[in-house]
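What follows is each chain in one-letter form.
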Amino acid sequence: MKRFLLVVSLLAVGIALASAQTLAKPAKQLNIVLIVKDMTNPFFVDMKAGGAAAAKKYGVNFTCLSPEKSTVDQQIKIMEDMIQKKVDAIVIAPIDSNGIISGVERANAAKIPVMACNTMINGGDIIGFAGVDEVSSGKSLGDYFVKKLNGKGNIVILEGTTGASSAQAYLQGVHQAIDKYPDIKVLASTTAKYNREMGMTVMEDLLTRFPTIDAALCMNDTMALGAKEAVQEAHRKVMIGGINALPETLEAVKKGEIEVTVNASGYLQGYAATELTCKYLLTGVKPPAVTKLGDPLAVSAANLEQFLQSR
Amino acid sequence: MKPKMLERQKSGALPARQISTIYRVLVMAFFVLLAVVFVPRFASPGNLLNLVRNISLLCLMGCGMALSMLIGGLDLSIGSVAALSTVLGATIISGGNIFLGVAATLLMGGAMGLLNGFMIARFKLPDFIMTFSMMYIARGLALTYTQGQAIYNLPDAFTWIGKGSLGPVPMPIVFAFLALLVLLFVLRRTTFGRGIYAVGSSHKAAQYTGISVANKQMIVYLASGILAALVGLVYIARLNSANADLGQSWPLDAIAVCVIGGMSFAGGEGNILGLLIGGTVMGIIGNCINLLGVPSRFQDFCVGFVIIVAVAADHYGKKRQ
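Keep in mind it's a predicted model, so treat the numbers as computed, not measured.

Cut-offs applied
- Residues numbered from 1 in each chain as written.
- Chains lettered and ligands numbered in written order.
- Predicted model: local features only at pLDDT ≥ 70, side-chain atom pairs only at ≥ 80, totals over all residues.
- Heavy atoms only, no water.
- Helix = DSSP H or I, 4+ residues; strand = E, 2+ residues; numbered from the N terminus.
- Expected span 1.5 Å × (residues − 1).
- Buried < 20%, exposed > 50% of the residue type's maximum accessible area, 1.4 Å probe, protein only.
- Polar contact = N/O pair within 3.5 Å; in protein donor to acceptor, adjacent residues only side chain to side chain.
- Contact = heavy atoms within 4.5 Å.
- Buried area = accessible area lost by both parts, 1.4 Å probe.
- Salt bridge = Lys/Arg side-chain N within 4 Å of Asp/Glu carboxyl O.
- Axes fitted to C-alpha atoms, helices over the stretch in contact; angles between N-to-C directions.
- Parallel < 35°, antiparallel > 145°, perpendicular 65-115°, else oblique.
- Nonpolar A, V, L, I, M, F, W, Y, C, P; charged D, E, K, R; others polar.
- Pairing = 2+ DSSP bridges.

S.K.: Hey, could you go over helix 8 (residues 171-189) of chain B for me, with residue numbers and the actual values?
M.R.: The end-to-end C-alpha distance of helix 8 of chain B, which contains 19 residues, comes to 27 Å, matching closely the 27 Å that a straight helix rising 1.5 Å per residue would cover. Within the sequence span of helix 8 of chain B, burial applies to Met171, Pro172, Ile173, Val174, Phe175, Ala176, Ala179, Leu180, Leu183 and Leu187 of chain B.

S.K.: Please set out the environment of threonine 144 of chain B residue by residue, giving values where relevant.
M.R.: Residues and elements named next belong to chain B. Examined against the element boundaries, threonine 144 turns out to sit in helix 6 (residues 127-146). Spatially, the C-alpha atoms of threonine 144 and isoleucine 277 are 38 Å apart, while their sequence positions differ by 133 residues. A polar side-chain atom of threonine 144 sits 2.6 Å from the main-chain carbonyl oxygen of glycine 140.

S.K.: Provide a residue-level description of the side chain of threonine 146 of chain B, including the pertinent values.
M.R.: Residues and elements named next belong to chain B. Looking at the secondary structure, you find threonine 146 in helix 6. For threonine 146, a relative accessible area of 8% puts it in the buried group. Those residues in contact with threonine 146 that lie beyond four places of it in its chain are Val87, Ile151 and Ala244.

S.K.: A description of the interface of chain B and chain A should follow, citing residues and the corresponding values.
M.R.: Counting residues at the interface gives 34 residues for chain B, matched by 30 residues for chain A. Across the chain B/chain A interface, buried area totals approximately 2,700 Å², and carbon plus sulfur atoms make up 40% of it. Residue glutamate 233 of chain A pairs with arginine 53 of chain B through a salt bridge whose shortest N-O separation is 3.0 Å. The tally of links from chain B across to chain A stands at 19 residue pairs in polar contact (both at pLDDT 80 or more). Secondary structure elements with two or more residues in the side of chain B that touches chain A: helix 3 (45-70), helix 11 (213-239), helix 13 (274-292) and helix 14 (296-320) of chain B. Counting residues per element, the side of chain B that touches chain A draws most heavily on helix 13 of chain B, which supplies five residues.

S.K.: Let's hear about the packing of helix 3 of chain B against helix 12 (residues 250-260) of chain B: which residues, and what values?
M.R.: Residue and element names in this part refer to chain B. Taken N-terminus to C-terminus, the directions of helix 3 and helix 12 make an angle of 75°; their axes are 8 Å apart at the nearest point. Relative to helix 12, helix 3 is oriented roughly perpendicular. Contact with helix 3, carried on its side by Leu58, Met61, Gly62, Met65, Ala66 and Met69, involves Trp250, Pro251, Asp253, Ala254, Ile255, Val257, Cys258 and Val259 of helix 12 and no other residues of that element. Looking at the contact of helix 3 with helix 12 residue by residue, the class counts come to 12 nonpolar, one polar and one charged.

S.K.: Hey, could you go over the sheet that holds strand 9 (residues 239-243) of chain A for me, with residue numbers and the actual values?
M.R.: Residue and element names in this part refer to chain A. Across the sheet, six strands lie side by side as 7-6-8-9-10-12; this open sheet has mixed pairing. For this open sheet the edge positions go to strand 7 (184-191) and strand 12 (297-300), each flanked by a neighbour on one side alone. The sheet shows a mean angle of 20° between the axes of neighbouring strands, taken without regard to direction. Bridge analysis of strand 6 (residues 153-159) against strand 8 (residues 215-218) gives four bridges, and the strand direction is parallel.

Quick look at the structure:
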């Protein structure tokens, strides 16, 4: 209740001073915590940097925590600890959209706002979600090859696990990009179940089936790395694209073995989610339920160095 | 119990067994013929090479499963054991010490297999439960160890065992050939091998004739673990990377290979050369699904359907005798 009054009064002051463009300073220092999925993954190291930058801009104290083992139970434990510490807001990239709900409910009971980042939360009260959706990642991959092939060529698509929501979203994104170009022919679109072994065997068979393949669009890096082995073994020239920007893929891009990988910037996602939360704490303006961020970056040999330096 | 005994006696007689093998070969030939006639590019040299390589990997997977099925058990942990032993081994291999890494991988696979065998033989845990639990345990350890990251950039001298070839013969084929040869010898020509069939037919009867059931079970699961690690090594060499998600589909693939090849879930029945038939049918399904461009959503259906047709035809043939 106190916080509500504080927010209302701040809002009133804010409106009153709006013409003077003065930002109202809160009475006490605010604390925000960002909980990521796995600190051993460079993607989340980026996310932390983004969150820290946004918090700094708004003068809010920022902490980033990560479960030791990447499990949702440990994330909930961290949330409980943060509730005990009475932080002002929690930004979280949940490992599981459903598994995290009990943690969110506990934060709700303690009246601590929760913001979802990177992955949606399917229950409890959250103030909003900010992330790059999978459709735009797929579209970014498709756009890259449309440009690279000058709108003309033979491609194959290695889909994710049939039935998985991400697999559908990626595929939808790719088609948004390529369907406008009738000269881009999809020779085959088939599943390799997000799996490296299958990426290799499926690509082997596709290479047998089609004498010329210009590009293979893989809906994750793991399949792309498997497909790469098949292409090398067959001594063929096929441009391979993946999604996730895994360190292993980036090395392959550097060596010219893989053409491109899409990075759904962790930095941007961390920045946006933290910024929206800061604004909420300072002004009481609730962020939109879903904030979709811009197109993810396609990382190829052309911008690899620049990308590696930026993270 | 009585009819089963009778049936076993009948199929144990040589002519009947040969007829049933011929029938199985015919079923396989039928699938090969279908593929050659109806699947474009199936018979091209490049495709046949890929196919035979994949068939040998399937046969290699089937070897361990065949042993555990012959003794009346089942090893569901082969994929996870392969994942755990290869991520550990790959760490050493990528550090440059190939021999030590390969040895560590096989040792780890053997240790997990022996643990399976020990719990099954000494604590009388059902094979299904023990290996099913081991499937989770080994996968969990592998994931924890790697933290979900792949171990990659393996030295060329190592990847040769998966990508290279001995003369004109690709290495996976060499491994499968050797494994089948050794198993064939052990099962047909040694007392140990015949003991496995005896234990598989009836634990009690085998025990009464003085065969140590526990001993056989331990050795079989030990071998199954080592074979799983071996398949794992060939795979990570081909993929040029080791990851904790290796081999998730292996147990069921291997069971399909064994069942199509004529192994019985009841144990004590089956010819190790049947693996060639099972491997060929399973290899052809996977290959043709991609060559024909079967839609993703429909692929699983096709695999299940072909397995049923193959096994049903086999059983129909047996009944006719």
